[in-house]
Amino acid sequence: MAVGAGHSHSLIFTYGTLKRGFSNHSLIQDLIAASDAAFIIACRTANHFPLVSGPYRVPFLLNFPGVGHRVSDELYAVFVASLCHLDELEGTDCGHYKRLPIEIEAVTLDGGERMWAKAYFAHRYKL
């Protein structure tokens, strides 16, 4: 399904519970059903990042480029006005996560095109 025409969108790199088959993907599905989001492509981070399991076995990404592994997951275009739903889930107002830029690469046989998106990184975490 295409995202509503004429609206501004943000590319969002999803991982963990927001990806297909996991507990919070229903939020993405609701946004897709409302034409407020669309799946773009399978992708991975261009750089290495730590992806760790926190309390309650919830995975979170740490903003320490060059440490960890390249993280593979999904890219969505999300209507900017609908980002508030993702921000609420991720607790950006509470300081749990921050939505920050991340360079990603499409997963293809030839290595894939690189582009910039946003991802939710754990906030105030130290290695």
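In case you missed it, the structure is sitting above this.
Being a predicted model, the structure only gives us computed values, none of them experimental.

Quick notes on the rules
- Residues numbered from 1 in each chain as written.
- Predicted model: local features only at pLDDT ≥ 70, side-chain atom pairs only at ≥ 80, totals over all residues.
- Heavy atoms only, no water.
- Helix = DSSP H or I, 4+ residues; strand = E, 2+ residues; numbered from the N terminus.
- Buried < 20%, exposed > 50% of the residue type's maximum accessible area, 1.4 Å probe, protein only.
- Contact = heavy atoms within 4.5 Å.
- Areas by Shrake-Rupley, 256 points an atom, 1.4 Å probe, with all protein chains shown as cover.
- Pairing = 2+ DSSP bridges.
- Phe/Tyr/Trp six-rings, centres within 6.5 Å; stacked < 30°, edge-to-face > 60°.
- Lys NZ or Arg CZ within 6 Å of the ring centre and 35° of its normal.

Draft legend 1. Quick peek at the overall build of the chain. From N to C terminus, the chain includes 2 helices and 7 strands. Moving toward the C terminus, one meets the helices and strands of the chain in the order β-α-β-β-β-β-α-β-β. For the chain, buried positions account for 41% of its 127 residues. Sequence separation of at least 24 residues holds for 66% of the intrachain contacts in the chain that already meet a minimum separation of 6. Counting only carbon and sulfur atoms, one obtains 54% of the accessible surface of the chain, whose full area is about 7200 Å².

Draft legend 2. Spatial organisation of unusual backbone geometry. Unlike most non-glycine residues, S35 shows phi in positive territory, near 60°. As for its position among the elements, S35 is in the loop between α1 (25-33) and β2 (37-45).

Draft legend 3. Representation of the side chain of T14. Within the secondary structure, T14 sits in strand β1 (residues 9-14). In this view, T14 contacts K19, I28, D73, E74 and Y76; residues no more than four positions away in its chain are not counted.

Draft legend 4. Inspection of the pairing of β2 at higher detail. Of the pairings in the sheet, the one linking β2 to strand β5 (residues 72-79) comprises 7 bridges and is antiparallel in character. Note on β5: the bridge partner recorded for F39 is Y76. Bridge analysis of β2 against strand β6 (residues 97-106) gives 3 bridges, and the strand direction is antiparallel. Bridge pairing in β6 places C43 opposite A106.

Draft legend 5. Main features of the side chain of T17. Tracing the chain through its elements places T17 in the loop between β1 and α1. For T17, the contacting residues outside a window of four places in its chain are F22, S23, N24, H25 and P59.

Draft legend 6. Broad picture of the packing of aromatic side chains. Summed over the entire model, instances satisfying the criterion amount to 3 aromatic pairs. Summarising the aromatic geometry, the rings of F49 and F121 are spaced 5.5 Å apart at their centres and angled 55° between planes, so their arrangement reads as tilted. With a gap of 72 residues between them, F49 in the loop between β2 and β3 (51-53) and F121 in strand β7 (residues 114-122) connect regions that are remote in the sequence. Given the relative accessible area of 6%, F49 is considered buried. The class of F121 is buried, set by a relative accessible area of 0%. The cationic tip of R20 hangs over the ring face of F39; the distance from NZ or CZ to the ring centre is 4.2 Å.

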